[in-house]
Amino acid sequence: DGGITQSPKYLFRKEGQNVTLSCEQNLNHDAMYWYRQDPGQGLRLIYYSQIVNDFQKGDIAEGYSVSREKKESFPLTVTSAQKNPTAFYLCASTAALQEGNTEAFFGQGTRLTVV
Amino acid sequence: GDSVTQMEGPVTLSEEAFLTINCTYTATGYPSLFWYVQYPGEGLQLLLKATKADDKGSNKGFEATYRKETTSFHLEKGSVQVSDSAVYFCALMHYNQGGKLIFGQGTELSVKP
């Protein structure tokens, strides 16, 4: 079945550590996105990529980094510069964007906790 | 910039009650509008969408109509079930601006038997 796979489901980070969240899709989608969800808030965009080897900052990119070396993969690194990383992280993808064809598919999320 | 505002939750209803979750938006141009649903501990699932004014999206008994004149996309269901308990997110997207979704804060729905 086609879909988006995020791993791990739960992740614990010590102070000062970098951690990488995995996102893989087999939908052959061009665009991929990372969102952060905090309790009682909507999702906020961290980074997005419309094509391989290119990506753009979203609204809350500080303390995060990404790469897009392959069409199917868009890993997110939470660096030690991110002061409040505890949150639920969601990866999404869309097919080639065109009017009337704008559905985003989401992974199951990774819950990151600082310990 | 663009924004989405949803009614605050939690919303608690009895089974078979009528549901309305209000959503209004501020945006330039003609965005696509969406309702996503999130069950505990899971990612988001698309519930329904509308891509132009006066379109009605519908799925699983839920409906929402894209009202350009009132900049609204209210979610309705005639008879809710316990299994509808979840968090509902209203969102907008401009397909020609990278496909970035702008979300409301979410509305938690709890349906009691």
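Residues numbered from 1 in each chain as written. Chains lettered and ligands numbered in written order. Predicted model: local features only at pLDDT ≥ 70, side-chain atom pairs only at ≥ 80, totals over all residues. Heavy atoms only, no water.

Draft legend 1. Here's a closer look at the interface of chain A and chain B. Taken together, the contact between chain A and chain B spans 24 residues of the former and 21 residues of the latter. Counting each side, the surface lost to burial between chain A and chain B is near 1800 Å², with a carbon and sulfur contribution of 58%. Its largest share of buried area at the contact with chain B, chain A owes to Leu43, Thr102 and Phe106 of chain A, together 26% of the area lost on that side. Inspection of the region where chain A meets chain B yields 0 salt bridges. For the pair chain A and chain B, the interface holds 6 residue pairs in polar contact (both at pLDDT 80 or more). (Contact = heavy atoms within 4.5 Å. Buried area = accessible area lost by both parts, 1.4 Å probe. Salt bridge = Lys/Arg side-chain N within 4 Å of Asp/Glu carboxyl O. Polar contact = N/O pair within 3.5 Å; in protein donor to acceptor, adjacent residues only side chain to side chain.)

Draft legend 2. Molecular detail of the sheet that holds strand 3 (residues 19–25) of chain A. Residues and elements named next belong to chain A. Across the sheet, which stays open at both edges, the 4 strands sit in the order 1-3-8-7 with antiparallel pairing between neighbours. Each having just a single partner strand, strand 1 (4–7) and strand 7 (64–66) make up the two edges of the open sheet. Each strand axis lies, on average, 20° off the axis of its neighbour in the sheet, ignoring direction. Note that strand 1 and strand 3 share 4 bridges and pair antiparallel. Looking at the pairing, Ser7 lines up with Ser22 of strand 3. (Pairing = 2+ DSSP bridges. Helix = DSSP H or I, 4+ residues; strand = E, 2+ residues; numbered from the N terminus. Axes fitted to C-alpha atoms, helices over the stretch in contact; angles between N-to-C directions.)

Draft legend 3. Spatial organisation of the sheet that holds strand 7 (residues 56–59) of chain B. All names here are of chain B. Across the sheet, 4 strands lie side by side as 3-9-8-7; this open sheet has antiparallel pairing. On the outer flanks of this sheet lie strand 3 (19–21) and strand 7, each paired with one strand and no other. The mean angle between the axes of side-by-side strands here comes to 15°, regardless of whether they run parallel or antiparallel.

Draft legend 4. Just the state of the cysteines, in detail. Evaluation of the coordinates by the stated rule reveals 2 disulfides over all chains. A sulfur-sulfur separation of 1.9 Å characterises the disulfide bridge that pairs Cys23 of chain A with Cys91 of chain A. Here Cys23 of chain A and Cys91 of chain A share a disulfide; its torsion about the S-S bond, -75°, makes the bridge left-handed. With Cys23 of chain A in strand 3 and Cys91 of chain A in strand 9 (residues 87–94), this pair connects stretches of sequence that are 68 residues apart. There is no split in this pair, since Cys23 of chain A and Cys91 of chain A are both buried. Cys23 of chain B shares a disulfide with Cys90 of chain B; S-S distance 1.9 Å. Between Cys23 of chain B and Cys90 of chain B the sulfur-sulfur dihedral comes to about -70°; the bridge is accordingly left-handed. Placement of the pair is Cys23 of chain B in strand 4 (residues 23–26) and Cys90 of chain B in strand 10 (residues 86–93), with a sequence separation of 67 residues. Just as Cys23 of chain B is buried, Cys90 of chain B falls in that class too. (Disulfide = S-S within 2.5 Å. Buried < 20%, exposed > 50% of the residue type's maximum accessible area, 1.4 Å probe, protein only.)

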